[in-house]
Amino acid sequence: MVDFPRFPILWGETPLMPLPRFARAIGAKSVWIKRDDLTGFAFGGNKLRKLEFLLGEALEQGCDLIITGGSLQSNHARLTIAAANRAGLDTWLCFAGSRWGSIQGNLLLDHLLGATCFLTGAYGSEGLLQAMEEKAEEAREQGRKPYVIPVGGSTAVGDYGYVLAWDELERQRKQQNLPPFDEIYLPAGTGGTLAGLACGQERDPAGTLLVGISVWLSKEKAEQEVRHLGDNLMREIGEAGEFSLQSVRILDDYIGRKYGVPSEEGNEAIRLLAQTEGVCLDPVYTGKALAGLIDQVKNRDASDKNLLFWHTGGTPALFTHASSLQGGRSVEHRLDCP
Ligand SMILES: *Cc1c(COP(=O)(O)O)cnc(C)c1O
């Protein structure tokens, strides 16, 4: 039994809903969605499930300052400052690169939420972690007690939030008398969300394949990361079993040009879900992940399966990519209107 301290942020279970019009449009038997874009406040997203346990640990250790970071449009950074505000903790955000972008989307929200922001000149998860450790050293010299959260909030403590998310999904599924999902699709960044769900399923198997659509790492590298995070998590929660990638498949075919740059298939997926179901995705994570689901249905025989799409949030980034999203059917329709 685990007993990680928890700082409550979520309002309750996130909705589990069918997507009948979308399923029909892509020729799939059944597609459902888990709405982790609705995890509560500051526009929601998967990071809040991790932050409940990360901030729980920070508070237990008596820390007074949260240090984390990411790209300028990091959803994790935005949700960390939002959650830390509720916990009464200061936040320093360390950003990758050496140029400020426009104050839009997540970065605008970081400013509104009152974060202290640094541009580090560092790149990549490891470079950023080192920059954060240096900031933490500075903070200690000032008499502060910092708590450093690595990029994406992916530590065993944070990822535990997604072990519980698995339990939540299974509870909802049984309440609604649904058969097990054959495949669950979700974006994979650091892989912590995927590792958490996979550990959840190790404890309570449902025969579900977890399909992670990588948004930056190669398949091999992503598998290595998920295995590493899963091993740590299993050890931390005292599970006897070995973590295996048995229920996990990673696909790296939908990254497009690179991380953070929208892809045409991703943008099409965003339009299709919005126009059939009224649900908005983002172009960096969830749009690309849904493009993966659509391709697997249309070209690789996933059409007769019970599918679930796990919406991990990220919608504030939509507005920073307005120019790439302006093409397509939706705009023509609008121009045709009287
Ligand atoms: C961070 C993030 C992810 C990736 O989660 P990982 O646990 O890092 O794999 C997916 N979607 C959105 C919207 C995110 O912000």
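Residues numbered from 1 in each chain as written. Predicted model: local features only at pLDDT ≥ 70, side-chain atom pairs only at ≥ 80, totals over all residues. Heavy atoms only, no water.

**Brief notes about the UniProt feature "domain: Tryptophan synthase beta chain-like PALP" (unreviewed entry) in the chain**
What UniProt calls "domain: Tryptophan synthase beta chain-like PALP" (unreviewed entry) maps, in this numbering, to residues 11-313. The span residues 11-313 shows a helical share of 46% and a strand share of 17%, and its end C-alpha atoms are spaced 16 Å apart. (UniProt positions renumbered as here; feature names shortened; annotations may be inferred. Helix = DSSP H or I, 4+ residues; strand = E, 2+ residues; numbered from the N terminus.)

**A closer look at the environment of Phe41**
Structurally, the position occupied by Phe41 is in the loop between strand E2 (30-35) and helix H2 (47-60). Overall, the relative accessible area of 16% leaves Phe41 in the buried class. On a C-alpha basis, the gap between Phe41 and Asn177 in space is 29 Å, while along the polypeptide they are 136 residues apart. The residues touching Phe41, leaving out its near neighbours within four places in the chain, are Ile9, Leu48, Leu79, Ala82, Ala83 and Arg86. (Buried < 20%, exposed > 50% of the residue type's maximum accessible area, 1.4 Å probe, protein only. Contact = heavy atoms within 4.5 Å.)

**Examining the sheet that holds strand E4 (residues 90-95)**
An order of E5-E4-E3-E6 is seen for the four strands of this open sheet, with the pairing classed as parallel. Of all strands in the sheet, those bounded by a partner on one side alone are strand E5 (116-119) and strand E6 (146-148). Across the sheet, the mean angle separating the axes of adjacent strands is 25° when strand polarity is ignored. Judged from the three bridges that link them, strand E3 (residues 65-70) and E6 form a sheet pairing that is parallel. The partner of Ile66 across the bridge, within E6, is Tyr147. (Pairing = 2+ DSSP bridges. Axes fitted to C-alpha atoms, helices over the stretch in contact; angles between N-to-C directions.)

**So, the packing of helix H9 (residues 264-277) against helix H10 (residues 286-299)**
If you want to describe how two helices pack, look at the angle between their axes and the distance between the axes. Running from N to C, H9 and H10 point in directions that differ by 85°, and their axes come no closer than 7 Å. By the angle between their directions, the pair H9 and H10 is classed as roughly perpendicular. Across the interface between the two elements, Glu265, Gly266, Ala269, Ile270, Leu272 and Leu273 of H9 pack against Gly287, Lys288, Leu290, Ala291 and Ile294 of H10. A per-class count over the contact of H9 with H10 returns seven nonpolar, two polar and two charged. (Parallel < 35°, antiparallel > 145°, perpendicular 65-115°, else oblique. Nonpolar A, V, L, I, M, F, W, Y, C, P; charged D, E, K, R; others polar.)

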